[in-house]
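One letter stands for each residue in the lines below.
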Amino acid sequence: MRRKIVVGNWKMNKNYWQAVELIESLLAYTETRDLKGLEVLIAPAYPFLHYAYQSTKDTKVQVVAQDISAYESGAYTGEVSADMIRSTGVQTVIIGHSERRKYHGEGAQLLGEKIDSALANHLEVIYCMGETLAARRAKAQFEVAKKQLMDVLRPLNRDQMQQICIAYEPVWAIGTGETATAEQAQEMHRYIRQLIADRFDPETAARVPLLYGGSLRPENAALLCAQPDVDGGLMGGAALRAEQFIGVIEAWLTQIPSPAKRGCRSSPGMD
Ligand code: PGA
C-alpha cells in the first residue's frame, strides 16, 4: 500500500507560544488515536523547527521545513541551508510552494537546485506544483503540470525519486475557499502518476505519494481522499486550528481500511 500523508503547512503563522499550544493539542489527539499508518506532518516556521522536532520525537507527529536555500553555506543573509535543517533532526522539506514561486520569483532552475541540495543532505522533498486560474481557464493545466514536474524530475534517478512526494496545489484553490473537485484532483493526480511512469517506470510511479492541496477542509477531505490517486493532503488554513486539522485526519482515516481488511494476518485468537 502507498504511504498516506497529511501535512499541515503553517506558513508565516504562529508565534512560539501558539506553536507550543498547537503541537500539544495534536500530540494529545495522536497519542490515543490509531492512525492506521497515516503519517501526520507539520511545517512550522524556521525558528520553531528544533523545538517542534524535539517535542514530537518518538510520537506520531513528524516535522517538516517549509523551504530551504539552494546554497550549501556562506554569505547568504537570511537563508537556511539543507544541512542546517537536517541538523535539527527534521527529515523532510517542502520545495516549490506556489507562494515561493509567486512572491519570491522561484522558478525551475532554482527549484531544481534546492531539490539537489535537499537530496544531497538526505532530506525527503515534498515538491509542490499546480496551475494558476488563468492556466486552468485556458485549459493549459496539463501542459503547466508537465513542465513544472519534468523541469525538476528529469535529472533525477530512480533512487532519488523515492525521496520525493508530489503535492498538486492548484493556485486558484490555495487560501481561496475554492477546492478542486474530487474529479479534477483525481484527473490531475492520474496524469502526474503517468508522467512519472513515463519518465521512470510504473513501479516507481506507483510508489510516489501524491498529495492534494488547496482549501482542504474537514468537509471536503473525505471525497478527495477517496480518489485512488490522492494519497494525502497538504493544508494551510485548516492546519492552524487543532480541531480542523484533526477533522481532516479523521476524514482521511475513514478511507483507510483497518489492518484486517487490508489482508494482514490477525494474531491468533483475535478476529
Ligand atoms: P490552504 O493552503 O489550505 O490554506 O488553501 C494550502 C497550501 O498552501 O499548502
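Quick caveat: nothing in here was measured; it's all calculated off a predicted structure.

**Student:** How would you sum up the overall build of the protein chain? Please name residues and give values.
**Tutor:** Assigned secondary structure in the protein chain consists of 12 helices and 8 strands. Computed over the C-alpha atoms, the radius of gyration of the protein chain is 18 Å, within 12% of the 18 Å expected from 2.2 N^0.38 for a compact globule of 271 residues. Within the span of the protein chain, comprising 271 residues, buried residues form 53% of the whole. Taking as baseline every contact in the protein chain between residues at least 6 positions apart, the subset at least 24 positions apart corresponds to 73%. Total accessible area on the protein chain is roughly 13000 Å²; 51% of this is exposed by carbon and sulfur atoms.

**Student:** Help me get a handle on the packing of aromatic side chains, residues and values and all.
**Tutor:** With the rule as written, the count across this model stands at 6 aromatic pairs. Seen in terms of ring centroids, Tyr71 and Tyr76 are 3.7 Å apart; in terms of plane orientation they differ by 5°. Their pairing is stacked. Residue Tyr76 is classed as partly exposed on the basis of its relative accessible area, which comes to 34%. Taken together, the ring pairs in this structure connect Tyr16, Trp17, Phe48 and Tyr51 into an aromatic cluster. Note that Arg199 overlies the ring of Phe200, its terminal NZ or CZ placed 4.3 Å from the centroid.

**Student:** Would you mind going over the site of the ligand in detail, with residue names and values included?
**Tutor:** Of all residues adjacent to the ligand, which total 13 residues, the nearest are Lys11, His97, Glu169, Gly175 and Ser215. In this structure, Lys11 approaches the ligand through a side-chain N or O atom, which is 2.6 Å from an oxygen atom. At a separation of 2.7 Å, an oxygen atom of the ligand approaches a polar side-chain atom of Glu169. Its free accessible area being 280 Å², the ligand has 97% of it covered by the protein chains. When grouped by side-chain class, the residues that make up the shell around the ligand number 4 nonpolar, 7 polar and 2 charged.

**Student:** So what about the pattern of salt bridges? Which residues, and what values?
**Tutor:** Inspection of the entire model under this criterion finds 17 salt bridges. Salt-bridge contacts for Asp231 lead to Lys4; the nearest nitrogen and oxygen are separated by 3.6 Å. One end of the pair, Asp231, is in the loop between α11 (218-225) and β8 (232-235); the other, Lys4, is in the segment before β1 (5-9), and 227 residues separate them in sequence. Of the two residues, Asp231 and Lys4, both sit in the buried class. Here Glu243 ties to Arg241 by a salt bridge, and the two come within 3.1 Å at their closest N and O atoms. Judged by its relative accessible area of 46%, Arg241 falls in the partly exposed class. Overlapping salt bridges, with partners in common, bring together Arg2, Lys4, Arg193, Asp229 and Asp231 in one network.

**Student:** Give me the sheet that holds strand β2 (residues 39-43): which residues, what numbers.
**Tutor:** Ordered by their spatial adjacency, 8 strands build a closed barrel running β1-β2-β3-β4-β5-β6-β7-β8, and the pairing between neighbours is parallel. Taken over all neighbouring pairs, the strand axes of this sheet differ in orientation by 25° on average, direction set aside. Pairing analysis gives 4 bridges linking strand β4 (residues 92-95) to strand β5 (residues 124-129), with the strands arranged parallel. Bridge pairing links Ile95 to Tyr127 in β5. The strands touched by helix α12 (residues 242-253) within the sheet are β1, β2 and β8, with β1 carrying the most contacts at an inclination of about 165°.

**Student:** Would you mind going over the pairing of β2 in detail, with residue names and values included?
**Tutor:** Of all the 5 residues making up β2, 5 are buried; the element is thus mostly covered by neighbouring parts of the structure. Relative to β2, β1 is paired through 5 bridges, and the arrangement is parallel. Each bridged residue has a counterpart across the sheet, and for Ile5 the counterpart in β2 is Glu39. In this region the chain leaves β1, passes through helix α1 (residues 16-32) and returns to the parallel neighbour β2; the handedness of that crossover is right-handed. Where β2 and strand β3 (residues 61-65) come together, 3 bridges link them in parallel fashion. Paired with Val40 across the strands is Val61, a residue of β3.

About the cut-offs
- Residues numbered from 1 in each chain as written.
- Predicted model: local features only at pLDDT ≥ 70, side-chain atom pairs only at ≥ 80, totals over all residues.
- Heavy atoms only, no water.
- Helix = DSSP H or I, 4+ residues; strand = E, 2+ residues; numbered from the N terminus.
- Rg over C-alpha atoms; globule rule 2.2 N^0.38 Å.
- Buried < 20%, exposed > 50% of the residue type's maximum accessible area, 1.4 Å probe, protein only.
- Contact = heavy atoms within 4.5 Å.
- Areas by Shrake-Rupley, 256 points an atom, 1.4 Å probe, with all protein chains shown as cover.
- Phe/Tyr/Trp six-rings, centres within 6.5 Å; stacked < 30°, edge-to-face > 60°.
- Lys NZ or Arg CZ within 6 Å of the ring centre and 35° of its normal.
- Near = heavy atom within 4 Å.
- Polar contact = N/O pair within 3.5 Å; in protein donor to acceptor, adjacent residues only side chain to side chain.
- Nonpolar A, V, L, I, M, F, W, Y, C, P; charged D, E, K, R; others polar.
- Salt bridge = Lys/Arg side-chain N within 4 Å of Asp/Glu carboxyl O.
- Pairing = 2+ DSSP bridges.
- Axes fitted to C-alpha atoms, helices over the stretch in contact; angles between N-to-C directions.
- Right-handed = clockwise from strand over helix to strand, strands pointing away.

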